[in-house]
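So you can see what is in the structure, the chains are spelled out below.
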Amino acid sequence: MHEDPFRARAIGWLCALLLVVLGSFLRIHAALGDPNFDAANPEGMLKSDPGLLYYFTGRILAAHGSPPGDFRADPRVEHPEATDVPATFAVGQEFAVAWGYLLFGRGMPLHVFCVWIMGIWASLAALAVYALAAEISGSALWAVLAAVLYSAMPANYRTVGWILMNEDFSVPWFALHLWLLARAARVRTPVSILLASIPLGVAVSTWHAMSFFISLEAVCVFAWFLRTGRNPLAARGAWILPVTLLAFSVGVPVLRSTVFALSLPMQVVLALWAAAIWKGTGARFVALVAWAFALAASISWSRLSGGGIGEYGHVFALMWEKVSHLGRLPEDPGALPVEVRLMWQGPFGTLDPVEGLRLLGLGILPLVPAGWAVVRAARSSDLRGGDERRILACALACLSIPVAWLVERTVLLPGLLLPVVGAAVASRPVTSRFIARGLVPGLACAAGLVQGWYCVDRIEGRLISWYLPPQRQAEIAELVAQVPHLVPEGEAIAADFMNSTAILAHTGHPIVFQPKWETKRSRERAAEFLSVFFHGTPDEMRRLLLGKYRCRYVVFDRFTLGILHVSRYVAGIPVTRAAPERGTCAAFFLSQDAGILTGVPGYKLLYRSPPRIRQSDGSPADFFRLYELEP
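The text that follows walks through the structure, step by step, so that each part is easy to find. The structure presented is a predicted model; accordingly, all values stated were derived computationally and were not measured. Residue numbers here run from 1 along each chain, matching the order of that chain's written sequence. Totals for whole chains, interfaces and linings use all residues, but because this is a predicted model, local features are given only for residues with pLDDT of at least 70 and pairs of side-chain atoms are given and counted only at 80 or more. Only hydrogens and water are set aside when side-chain values are computed; all heavy atoms of the structure are taken into account.

Turning our attention to the nonpolar core. Among buried residues, the Ala, Val, Leu, Ile, Met, Phe, Trp, Tyr and Cys ones that are joined through side-chain atoms within 4.5 Å form a nonpolar core. Partly exposed describes any residue whose relative accessible area lies between the buried limit of under 20% and the exposed limit of over 50%, with all areas from a 1.4 Å probe on protein chains only and scaled to the type maximum. With 91 residues, the main nonpolar core has Y130, F174 and M210 as its most contacted residues. Contact partners of M210, with chain neighbours within four places excluded, come to S170, V171, F174, A203 and V204. In this structure, F169, F513, V554 and F589 belong to the second largest nonpolar core, which totals 83 residues. Throughout, a contact is declared for two residues whenever any of their heavy atoms are within 4.5 Å.

On to a nonpolar patch on the surface. Residues enter patches when they are more than 30% accessible in relative terms and free of salt bridges; like-charged ones are connected within 9 Å and nonpolar ones (Val, Leu, Ile, Met, Phe, Trp, Tyr) within 5 Å. Residue exposure ignores everything except the shown protein chains as possible cover, and the areas themselves are Shrake-Rupley values with a 1.4 Å probe. Salt bridges are defined by distance alone: a side-chain nitrogen of Lys or Arg within 4 Å of a carboxyl oxygen of Asp or Glu. On the surface, L18, V21 and L22 cluster together to form a nonpolar patch covering roughly 280 Å² of accessible area. Secondary-structure assignment places L22 in helix 1 (residues 6-33). Numbering of helices and strands starts at the N terminus; helices are DSSP runs of H or I of at least 4 residues and strands are runs of E of at least 2.

Next up on the list: the pattern of salt bridges. Evaluation of the coordinates by the stated rule reveals 25 salt bridges. R389 is paired through a salt bridge with E135; the nearest N and O atoms lie 2.7 Å apart. Highlighted residues: R389 in helix 19 (residues 387-406) and E135 in helix 6 (residues 125-137), separated in sequence by 254 residues. Of the residues examined, R389 reaches a relative accessible area of 13% and is grouped as buried. The salt bridge partner of R158 is E167, with a shortest N-O separation of 2.8 Å. The class of R158 is buried, set by a relative accessible area of 16%. Residue class for E167 comes out buried when judged on its relative accessible area of 2%. Via salt bridges that share partners, R59, D70, D74 and R76 belong to a single interconnected network.

So, about the packing of aromatic side chains. Only the six-membered ring of Trp is used, alongside the rings of Phe and Tyr, when aromatic pairs are assigned; centres must lie within 6.5 Å, and planes under 30 degrees apart are stacked while those over 60 apart are edge-to-face, with the rest tilted. Tallied over the full model, the rule gives 28 aromatic pairs. With centroids separated by 4.8 Å and ring planes inclined at 80°, the aromatic side chains of F222 and W291 adopt a geometry described as edge-to-face. You can see F222 sitting in helix 10 (residues 210-228) and its partner W291 sitting in helix 14 (residues 283-305), a full 69 residues away along the chain. In this structure F222 comes out as buried when scored by relative accessible area, which is 3%. The interplanar angle of 35° and the centroid separation of 5.4 Å between the aromatic rings of F533 and F556 together place this pair among those described as tilted. Here F533, found in helix 25 (residues 520-535), pairs with F556, found in strand 4 (residues 553-557); they are 23 residues apart in sequence, far enough to count as distant. A single burial state applies to F533 and to F556, both of which are buried. By way of ring pairs, the aromatic residues F513, F529, F533, F534, Y549, F556, F589, Y603 and Y627 are connected into one cluster. The cationic tip of K47 hangs over the ring face of W466; the distance from NZ or CZ to the ring centre is 4.5 Å. Charge-over-ring placement is defined geometrically: NZ (Lys) or CZ (Arg) within 6 Å of the ring centre, and within 35 degrees of the ring normal. When the ring centre of W162 is taken as origin, the NZ or CZ atom of R158, which lies over that ring, is 5.7 Å away.

Bringing helix 23 (residues 470-486) into the picture now. An ideal rise of 1.5 Å per residue puts 24 Å on 17 residues; helix 23 measures up with 25 Å between its terminal C-alpha atoms. Within helix 23 the residues assigned to the buried category are Q471, R472, Q473, E475, I476, E478, L479, V480 and V483. Taken together, the buried residues of helix 23 touch strand 3 (493-494), helix 24 (500-507), strand 4, helix 27 (558-563), strand 5 (603-608) and strand 6 (624-629). For a helix, the expected span equals 1.5 Å multiplied by the residue count minus one.

Below, the discussion takes up the pairing of strand 1 (residues 74-78). When strand 1 meets strand 2 (residues 81-83), the two strands line up antiparallel, connected through two bridges. By the bridge assignment for strand 2, D74 is matched with T83. Any two strands with at least two DSSP-identified bridges between them are counted as paired. In sequence, strand 1 turns back onto strand 2 through a hairpin of two residues.

For A294, the location among the structural elements is in helix 14. Under the relative-accessibility criterion, A294 is labelled buried at 9%. Between the C-alpha atom of A294 and that of A271, which follows or precedes it by 23 residues, the distance is 7.8 Å. If we ignore the near neighbours within four places in the chain, the residues touching A294 are L262 and Q267.

This part takes up the sheet that holds strand 5. In space, the four strands of this open sheet follow the order 3-4-6-5, with mixed pairing throughout. Looking at the sheet topology across the chains shown, the edges are occupied by strand 3 and strand 5. With five bridges connecting them, strand 5 and strand 6 associate as antiparallel partners. Across the sheet, residue Y607 finds its bridge partner in strand 6, namely L626.

And the structure:
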């Protein structure tokens, strides 16, 4: 690999930094410019995951940037049990946001500051994309074009306007790891390996889904080892990477509670490490045996403790069912386990291929040469120089496409990798044999401008779906404003997992159901609530809440439970069945008849959405009902 002159590299870094500025501006401007974004009052906008993360951030701020006193036993997240927050959730960005707010954000509403700081942070990934492309391609020009393409792909702006999302914090760390890992493969010094390991540990500690990204990376490396016999952990000082990851798995509560040390990516790392220690013939066999032992240990621990890899059983089940049904949600909910039905929605839905092409845009073009490079590598026995890193990057990019199809949320992985492999392929000397060297960059620049125009038009010209319909925001804000006047302080409130966190974040009342389903307990609670709502009677719901959850107040949302199809589907009801079954909670609490809503035995209606909030057709939105349960 040739070294670019210092001037070219300096200009390249400046261009990448400019892209960070432009990307930050686009993210922040699109979020704050949405007509449904309320820059003064966040009460109507925070729900589901962002509401929970906002609650954590607010608690850290109240503790002046330190963990709250009850952080390891929070009584509000899943009443009546206490929740060990850092052992249950991938906490990270909440501290970064809180510390940034204490330093720079005073006087600015916290939710607006979140948009600013996370918009800037997410855009920093462009720097790592430039650095990784420059490292693999050896060309500052192609690296800049890769960063331009990355910054111009709508796939990399999926979370615009969501205020707080874990991937916005974690993905730049992962991109930094990929660059430093490619650099470590070249310089092969202990310091370079340590520098590549630390961002990886931070990335996996701050987003649960990151362990699956790392699994793809680890599988590609292991397949390369089986194909060529070259073990990256056999290099001098390479032991630093598994030791660093093991240190993270012990020191970070959420990695310790999920037994990350025996997770799928760590199984691969430990298998390669065992083969490196062996240093004899049969290294491939040793690696396979070591992986088998690590897998057996992981499964055994999961069955004995109920944790570890078992906590991700619903994700593996989701993937299996998606492959089995070719990505199509079955019309019959009974064809899927309840945990899969719970997960198969929203960002975990299957990516429509046409929408995927729109999100990736011209960034999909490098997939063809990347796939051809992988095929050639599988057939060739002579791979020299920088080909090793290029082939691994191409393999990971190709593998990211079916993963993005299976889970829409992961489309950011090909969004990150395809520009890099495009630069790596285009910079190869063979390119000049077919097209003049000056023509290729010119066409790439033109394509980048077209893609950039398309990206800006798509992001600027759309309403953020998270804040639609606007009547729902108004009703959530009205509900949380009334709760302190109607529910005694400290009393728990049960609501669906979408609305619970809005109540928690803005009133401080404990909630029963929360939207992040990393633990089996959380998934079972959510499924139980929906099952009783759609199949049980109001008396059964009352006895469930009063008896099992010691909760005297409940909120029913006609939008989440009635208008959206997903809640019915999770409960095992086909989306084609519109009318709720007679006598069920759904039949009573989704009604808009005042006589029915006020006449449910054992339920005292405390609040109903005001009629002044109306839908586009002029009818009252009438989403929320707050009840006090009578003994």
